[in-house]
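Descriptive structure summary
This is what each chain is made of:
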Amino acid sequence: MNFLSPAQKYFFYRAGLSFACGVALSSAFAPAHAPYYLLAALIVQFYLVAITEKLAHVAIWGMAFGFGWFVTGINWVYFSMYHYGYMPLEWTYVTTAVFSLALALFPTVAFVVANKVTCNPALRMALSIPGAFVLSEWLRSWVLTGFPWLNPAYGVVDWALAGWAPLLGAFGVLVALSWISGLVAAAWFVRRQWIYSIACLITVFSILLLGMTGRQVTWSEPAGDVTLRLVQPNFEPRLLQQSISERFDEVYFYLDNVTVEKAEVDAVVLPESVYPLAWQQMPAKEHDRLMQWVKTEQKDLIFNAFWFNESTGRFANAAMQLDKNGNTTVYQKRHLVPFGEFVPWGFHWFIEAMRIPMADLEAGSAQQPLMNIAGHTASVNLCYENLFGSEWIEVFEKGNPAFLMNLSNLKWFGPVKAAEQHLQVSQMRALEMARPLVSVTNSGATALIDEKGIVQKRLPTDQEGVLDVTVTAVKGEPTPYVKLGDWPALLLALAMFVVAGLICLFKKRSQKG
């Protein structure tokens, strides 16, 4: 690269380094499971951004970082567009790249604002960049209904910092992670001023120690056992638009096996999308077959189907329970997926081109029932809702669930990557609420996660199978995160940002004086 000037080399090397940091960050997530890459990526990126004075360059470093992060971390979105939406392959690549660039705007804005507000590189690293980064991730979880996938907190769910989850939730874990990254970068920057460097490292140690302590705290206690059979049928999504009668028989095969095996379980749980039509649209003989099974076997059945609301004339995505007496409990999904379950204004043409069935559904109300399984209450949600801990904790206003359950279908997005990342999200939800979580998916990863966020038992992805688990239901006071939500973590991030700005403001005024 001798033909490049020093300024051009500076530009390309640092843009390339930022992109590499983004790629390294995405490697922290499943299936790679490399949290140290994540920490290294944030340390280097925060340092690089903080020592850059030109805001235009900061923006470019931010976009390169964000693009590397998302284009390698969520490239599974192309799979759905190509294999099930029949979009030309080259256009799936373009769409994935554009989507990744749009998501890259969030960290870019955070870096630019932090550099603009804070004058000193060390202060940027130690306070304003970590604070702004956390706030930008919260905005990403909220803007246009939110897309918080690949929140860096999920990449360290098996690490000591996850102990912050019951206290401050996923964003609290992100505050701790970002702050540690910024402090390590700052400690290196001020290494010749050893007092400041040691102060940074002591703070890092304190954050880690508090996380380790939080991981050891017992937030709940056993309250009995529930035995479940989790079904992972690995159905091909294309069948959703084909033989319905065949699907009924395929699903009943798993119920019939319980009868033949005389399996000692309290309930059978089926994943999302097993019934690609509304409960009210199912043939009467199918209703009768399911009702007869639960009453004869004296076992509950939990499954997913659409639900037709007569009052509004619209369909909802629902999780349903048929208990052993034939009574029905219906949970209607609250947080819908843009373009998959509801259509933003002006985008009906896109849904028609993608051939997505049931793509304009009605959202459920905030007040949703808990399900009672073998004398223990369970809070159930569906697929994408798993990413929004602040919404799931609202169920504690209605009752105190003994365990959690998520029904999903990630087959749309390929065999492994999205499924494994979704399992990390489930681990975080279990940690936040100190409740066991049962993840029941069409193609993986079907698993039992304990209240500490540890996967106790699971099935491989992209394979058909059943998993019999014994869930230790728990009782106890809600965790601090359940009681307070995301606000303490967000206020802490805001305080970091504001304090850094105020310090610079006071310095400027004292210099003028």
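Here the structure is shown first, and the text comes after it.
Residues numbered from 1 in each chain as written. Predicted model: local features only at pLDDT ≥ 70, side-chain atom pairs only at ≥ 80, totals over all residues. Heavy atoms only, no water.

**Brief notes about the sheet that holds strand 3 (residues 300-309)**
Strands belonging to one sheet form pairs held by backbone hydrogen bonds; the direction of such a pair is parallel or antiparallel. With mixed pairing, the six strands of this open sheet are ordered in space as 5-4-3-2-1-12. Of all the strands in the sheet, the pair left with one neighbour each is strand 5 (328-332) and strand 12 (465-475). Across the sheet, the axes of successive neighbouring strands diverge by a mean angle of 40°, strand direction being ignored. Docked against the sheet, helix 9 (residues 244-261) engages strand 1 (221-232), strand 2 (267-269), strand 3 and strand 12, running at close to 120° with respect to strand 1. In this fold helix 10 (residues 284-297) packs onto strand 2, strand 3, strand 4 (314-322) and strand 5, with an angle of close to 150° to the strand it touches most, strand 3. (Pairing = 2+ DSSP bridges. Helix = DSSP H or I, 4+ residues; strand = E, 2+ residues; numbered from the N terminus. Axes fitted to C-alpha atoms, helices over the stretch in contact; angles between N-to-C directions. Contact = heavy atoms within 4.5 Å.)

**Here's the deal with the packing of aromatic side chains**
Any aromatic ring pair is given by two values, namely how distant the centres are and how the planes are angled relative to each other. Under the counting rule described, the total for this entry stands at 27 aromatic pairs. Centre to centre, the rings of Trp-279 and Phe-303 are 5.8 Å apart; their planes meet at 40°, and the pair counts as tilted. In this pair, Trp-279 is assigned in the loop between strand 2 and helix 10 and Phe-303 in strand 3, connecting sequence segments 24 residues apart. Note on accessibility: Trp-279 and Phe-303 belong to one class, buried. (Phe/Tyr/Trp six-rings, centres within 6.5 Å; stacked < 30°, edge-to-face > 60°. Buried < 20%, exposed > 50% of the residue type's maximum accessible area, 1.4 Å probe, protein only.)

**A look at the pattern of salt bridges**
Inspection of every chain in the model, using the stated rule, returns twelve salt bridges. For the salt bridge of Arg-247 with Glu-250, the shortest nitrogen-to-oxygen distance reads 3.5 Å. Here Arg-247 and its partner Glu-250 are both found in helix 9, three residues apart, which amounts to about one turn of the helix. The class for Arg-247 is buried, based on a relative accessible area of 2%. Here Glu-250 falls in the partly exposed class, since its relative accessible area comes to 24%. Residues Arg-289 and Asp-249 are paired through a salt bridge, measuring 3.3 Å at the closest nitrogen-oxygen approach. Taken together, the residues span a long stretch of sequence, with Arg-289 in helix 10 and Asp-249 in helix 9 at a distance of 40 residues. (Salt bridge = Lys/Arg side-chain N within 4 Å of Asp/Glu carboxyl O.)

**Some thoughts on the pairing of strand 3**
Across the ten residues that make up strand 3, a large majority, eight, are buried. Taken together, strand 2, helix 10 and strand 3 constitute a β-α-β crossover, and its handedness is right-handed. Relative to strand 4, strand 3 runs antiparallel, the two sharing nine bridges. Residue pairing across strands places Leu-301 opposite Leu-322, the latter belonging to strand 4. (Right-handed = clockwise from strand over helix to strand, strands pointing away.)

**A look at the sheet that holds strand 8 (residues 403-408)**
Here we have six strands laid out as an open sheet, ordered 6-7-8-9-10-11, and mixed in their pairing. Each of the sheet's edge strands pairs with one partner strand only, and the pair in question is strand 6 (371-373) and strand 11 (455-458). Across the sheet, the axes of successive neighbouring strands diverge by a mean angle of 25°, strand direction being ignored. Alignment of strand 8 against strand 9 (residues 437-441), held across five bridges, turns out to be parallel.

**Here's the deal with a nonpolar patch on the surface**
Taken together, the side chains of Trp-487, Leu-491, Leu-494, Val-498, Leu-502, Leu-505 and Phe-506 make up a nonpolar region of the molecular surface, amounting to roughly 680 Å² of accessible area. Considering the arrangement of structural elements, one finds Leu-491 in helix 15 (residues 487-512). (Patch = residues over 30% accessible without salt bridge, like charges linked within 9 Å, V, L, I, M, F, W, Y side chains within 5 Å. Areas by Shrake-Rupley, 256 points an atom, 1.4 Å probe, with all protein chains shown as cover.)

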